[in-house]
Amino acid sequence: MTFQGYSPDHPLWRDVNFTPDWVYVRIQQQAASPIDITNETQETLPGADQPWTGDEDSLLLFARTDNGRGEGLSYQSVATALGRTMGAVKSRWFREVRPWHEKEAEEKVNAKIEQGRKLAIEKYKLPLRSLKT
């Protein structure tokens, strides 16, 4: 097995004997036909390119408080309900909603949490544990 462009004292040669031959074949195949990622299309969710709304923030706030977690809500359930990715929901929580929650007055936060609970039930139809009994 030879590696064109590498001198015999290159550190790559130390590992040659420990790597199976099929790895080198795969590397050579990939080098011969590189993948063109510029033509790949990424599937985007319908709401992914839309700005966040106050209702979505309220739902996220409710889901991440003790009340929402007690109801079985997770990042994934909120993401599914909103038509966004879980990464987008987590990012929104850590960058915008949580800092607002920590610095805002308790009455205002509680009102927003209650609004989020109502939205979870009425608008987004999330399966809350308290509704199953």
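These numbers come from a predicted model, not from an experiment.

The rules we used
Residues numbered from 1 in each chain as written. Predicted model: local features only at pLDDT ≥ 70, side-chain atom pairs only at ≥ 80, totals over all residues. Heavy atoms only, no water. Helix = DSSP H or I, 4+ residues; strand = E, 2+ residues; numbered from the N terminus. pLDDT = per-residue confidence, 0-100. Axes fitted to C-alpha atoms, helices over the stretch in contact; angles between N-to-C directions. Parallel < 35°, antiparallel > 145°, perpendicular 65-115°, else oblique. Contact = heavy atoms within 4.5 Å. Nonpolar A, V, L, I, M, F, W, Y, C, P; charged D, E, K, R; others polar. Buried < 20%, exposed > 50% of the residue type's maximum accessible area, 1.4 Å probe, protein only.

**Some thoughts on unusual backbone geometry**
Then step 1. Even without being glycine, lysine 125 reaches a positive phi, approximately 50°.
Then step 2. Locating lysine 125 in the fold gives a position in the segment after helix H6 (106–122).

**Notes on the confidence of the model for the protein**
Interpretation of this model should avoid reading the predicted coordinates in detail wherever pLDDT is low.
Then step 1. Averaged over all residues, the pLDDT of the protein is 81; the fraction at 70 or higher stands at 76%.
Then step 2. Looking over the protein, one finds the lowest element-wise mean pLDDT in helix H1 (residues 21–32), namely 76, and the highest in helix H2 (residues 54–64), namely 95.

**Details of the packing of H2 against helix H5 (residues 86–103)**
Then step 1. Contact geometry for H2 and H5: axes closest at 10 Å, N-to-C directions at 85°. Our classification of the angle between H2 and H5 gives roughly perpendicular. Counted together, Asp57, Leu60, Leu61 and Arg64 of H2 and Val89, Arg92, Trp93, Val97, Trp100 and His101 of H5 form the full contact between these two elements.
Then step 2. Of the residues that constitute the contact of H2 with H5, the class distribution is 6 nonpolar, 1 polar and 3 charged.

**Observations concerning H2**
Then step 1. Burial of H2 is extensive: 9 of the 11 residues sit out of reach of the surface.
Then step 2. Looking only at H2, the buried set comprises Glu56, Asp57, Ser58, Leu59, Leu60, Leu61, Phe62, Ala63 and Arg64.
Then step 3. Looking at the buried residues of H2, the elements they touch are helix H3 (66–70), helix H4 (75–82), H5 and H6.

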